[in-house]
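Tertiary structure, described
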Amino acid sequence: MGRSPHKDLIAGVTVAIVALPLALGFGISSGAGAQAGLVTAVVAGALAAVFGGSNLQVSGPTGAMTVVLVPIVHRYGTSGLLTVGLLAGVVLVGLALLRAGRFMAYVPVPVVEGFTLGIAAVIALQQVPGALGIRTPAGSNPVVVAFKAMGDFAGHPHWAAIAVTCAVVVVMLAGARWRPAVPFSLLAVVAATVVAKLAHLDVATIGHLPAGLPAPSLGFLTASAVPALLPSALAVAALAALESLMSATAADAMTVSERHDSNRELFGQGLANLVAPLFGGVAATGAIARTAVNVRTGAASRLSALVHAAVLAVIVFAAAPLVAGIPLAALAGVLIATAIRMVEVGSLRALARSGRGEALILMLTAASTLAFTLVTAVIAGLALSAVLALRAIARASRIEQVPLHADLPPSDHHEEEQALLAEHIVAYRLDGALLFAAAHRFLLELTESADVRVVILRMSRVSAIDASGAKVLGDAIEKLTRRGTLVLVSGVQADHQNRLDALGVLDKLHADGRLFASTPEAITFAHAHLYDAGLLPVPHAGVGAIPKPVGADR
């Protein structure tokens with residue numbers, strides 16, 4: 001299986017040591033309990049390692065998923081949480097079969113960074129009650145719950161819990177700078193547990209933790225409850241897909257030759273989420289922090305993730321009594337430090353300097369994460385990104401008046417005739433995308449042109465055109481025609497012409513022979529039109545025959 005089993009064994013054990021306090025903490029934070037976090041890390045971690053699309057991905061409970069699960073537990077209870085996980089697994093397998101993994105590439109960087117910043121803030125706020133030694137107040141919004149906890153603390157201060165939390169945070173952050181390869185999270189939790197026992201500190205602990213994995217259970221809600229749970233399941237599946245593919249992409253970036261299969265990764269995560277709830281586990285995703293540790297400690301294959309799951313399984317079976325004595329405040333410190341380390345200050349500064357648009361997307365996504373749900377935040381970030389992208393396209397699109405002599409060799413007309421042509425003909429070149437964002441500006445500029453007899457629209461440089469742009473083009477042609485201006489069009493690309501034909505925009509031009517393959521042909525046609533109108537002298541012998549318009553043989 002592995003190209004370097006020794007390295008994979010070391011990496012797997014190291015990741016398990018890092019994952020233990022995280023699995024316990026995220027299980028408790030989700031409302032399902034510490035046992036659920038460990039079960040998820042074991043079952044989902046093993047299945048995603050075998051069936052997933054990344055050789056280096058490590059899966060399990062994550063802070064981002066916890067943020068989504070808390071409201072579900074409050075509303076539907078543990079049975080609802082397990083049912084949502086099962087439904088999310090079905091959705092993920094469906095996405096894999098539909099080969100939806102490729103769409104991950106379209107998520108903009110500011111959305112990802114804002115998403116991560118928002119998650120970090122939510123994770124930290126969720127730990128406030130545990131850090132203060134206060135029972136978690138009722139509520140689903142982390143900001144509201146944190147403020148309620150601080151109010152309760154003010155009435156009944158509990159300094160021992162704060163001391164334990166702060167000590168764990170300081171040890172983890174300082175240790176990560178001093179020796180990044182050392183698992184200071186586990187060392188800090190062990191030290192906090194020992195000190196709390198020896199000093200008889202009055203702090204809440206995890207409490208009783210059953211040894212071993214629970215037997216498979218069908219403790220789910222009935223089928224009639226599925227429609228009500230479906231929106232939550234879709235949110236969980238969307239987040240699992242997003243975070244797992246982000247994590248797999250990050251693993252690829254940290255290696256030279258590894259490339260994950262996004263659709264297989266979705267399938268592996270779907271299978272993991274189908275099975276984990278049967279054993280009482282919560283929804284799982286690829287975990288960026290654990291995957292990064294896996295890569296940095298030399299993992300070379302899926303064996304390391306399997307070892308990580310096996311080590312945690314041994315802990316579940318053999319060390320449950322010891323785990324039960326861990327102070328909740330210590331786990332709160334682990335998760336607060338993890339949230340702080342999630343924030344890449346350098347990346348945030350770079351995005352802020354890159355432009356106001358990117359900074360606005362980042363802030364909107366992060367704020368929406370705090371105020372609403374993570375999926376809502378991502379949708380809001382994507383929507384704003386799309387609006388700003390369309391605005392950039394609209395600004396890049398332009399209509400420019402161009403001189404006629406640029407398209408005609410000097411021998412075609414005498415200078416006097418060229419001057420007369422310029423008095424009666426104006427040529428406009430359309431550059432860029434003619435989409436709805438730019439279409440109305442185009443109409444305004446075009447129909448305010450000088451009072452001339454002929455307008456030539458050069459469309460060879462139009463990169464894209466949608467239905468709105470096509471309609472505005474048709475309106476502009478009709479408005480100019482009503483003013484008595486002859487409108488000629490040249491250089492329409494084949495794919496654009498098909499769309500314009502389908503909408504009927506070019507029907508009149510086809511019928512009247514006013515659509516041309518090139519601008520010189522359109523100018524020659526305009527010259528003949530002006531001659532017939534008596535506005536130009538009789539053409540000399542070099543002018544040649546009137547060109548054949550596009551579609552004349554139809």
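The numbering scheme is per chain: residues are counted from 1 as the chain's sequence reads. Side-chain atom pairs in this predicted model are given and counted only at pLDDT of 80 or more, local residue features only at pLDDT of at least 70, and totals for whole chains, interfaces and linings cover all residues. As a rule here, side-chain values come from all non-hydrogen atoms in the structure, and water together with hydrogens is ignored.

**Things to note about the overall build of the protein chain**
Counted only if it meets this: For helices the rule is a DSSP run of H or I covering at least 4 residues; for strands it is a run of E covering at least 2, with both sets numbered from the N terminus onward. Exposed residues in this analysis have more than 50% of their type's maximum accessible area, buried residues have under 20%, and partly exposed residues fall in between, with area computed by a 1.4 Å probe over protein chains only. The contact criterion used throughout is that any non-hydrogen atoms of two residues lie within 4.5 Å. Under the convention used here, a 1.4 Å probe and the Shrake-Rupley method define accessible areas, while residue burial counts only the protein chains that appear.
When you go through the protein chain residue by residue, the secondary structure sums to 23 helices and eight strands. The buried share of the protein chain, reckoned over its 554 residues, is 51%. Across the protein chain, the fraction of contacts at a sequence separation of at least 24, relative to all contacts at a separation of at least 6, is 82%. Surface accessibility of the protein chain: about 24900 Å² in total, with carbon and sulfur atoms responsible for 64%.

**Observations regarding helix α9 (residues 226-253)**
Applicable threshold: In this scheme, a helix's expected span is set at 1.5 Å multiplied by one less than its residue total. Consider a residue and the seven residues that end there alongside the seven that start there; fitting an axis to each set, the bend is the angle between those axes.
Spanning 28 residues, α9 covers 39 Å between terminal C-alpha atoms, matching the ideal 40 Å at 1.5 Å per step. Along its length, α9 reaches its greatest deviation from straightness, about 30°, at S232.

**Some words on unusual backbone geometry**
Here the phi dihedral of R99 falls at roughly 60°; this positive angle occurs in a residue that is not glycine. Relative to the helices and strands, R99 is located in the loop between α3 (63-97) and α4 (109-126).

**A few points about the confidence of the model for the protein chain**
Which entries qualify depends on this criterion: Confidence of the predictor in every single residue is expressed as pLDDT, which spans 0 to 100.
Per-chain confidence: the protein chain averages 82 in pLDDT, with 86% of residues scoring 70 or above. Mean pLDDT in the protein chain bottoms out at helix α18 (residues 415-424), which sits at 63, and peaks at helix α10 (residues 262-275), which reaches 95.

**Here we look at the environment of K508**
Mapped onto the fold, K508 is located in helix α22 (residues 507-512). Residue classification places K508 among the exposed residues on the basis of a relative accessible area of 54%. Between the C-alpha atoms of K508 and E478, which are 30 residues apart in sequence, the distance is 9.6 Å.

**Description of the environment of I28**
Assignment of secondary structure puts I28 in helix α1 (residues 5-30). Between the C-alpha atom of I28 and that of L331, which follows or precedes it by 303 residues, the distance is 9.2 Å.

**Looking at the packing of aromatic side chains**
We apply this condition: Note on ring pairs: Phe, Tyr and Trp rings are taken, using the six-membered ring of Trp, and paired if centres are within 6.5 Å. Classes follow the plane angle, with under 30 degrees stacked, over 60 edge-to-face and the rest tilted.
This structure, assessed with the given rule, holds three aromatic pairs. Taken together, a centroid distance of 6.3 Å and an interplanar angle of 45° make the contact between W178 and F184 tilted. Ring centres of F516 and F525 lie 5.2 Å apart, and the angle between their planes is 50°; on these two criteria the pair is classed as tilted. By relative accessible area, F516 is classed as buried at 1%. Overall, the relative accessible area of 19% leaves F525 in the buried class.

**Digging into the nonpolar core**
General note: in soluble globular proteins, nonpolar side chains tend to be found buried as a group. For clarity, the threshold we go by: For our purposes a nonpolar core is just a set of buried Ala, Val, Leu, Ile, Met, Phe, Trp, Tyr and Cys residues, chained together by side-chain atoms within 4.5 Å.
Among the nonpolar cores identified, the biggest contains 85 residues, and L24, L69, F115, V236, L312 and L374 are the most heavily contacted of them. The element that contributes the greatest number of residues to this core is α3, accounting for 13 residues. Membership of the second largest hydrophobic core comes to 23 residues, among which are V455, M459, L500 and L515.

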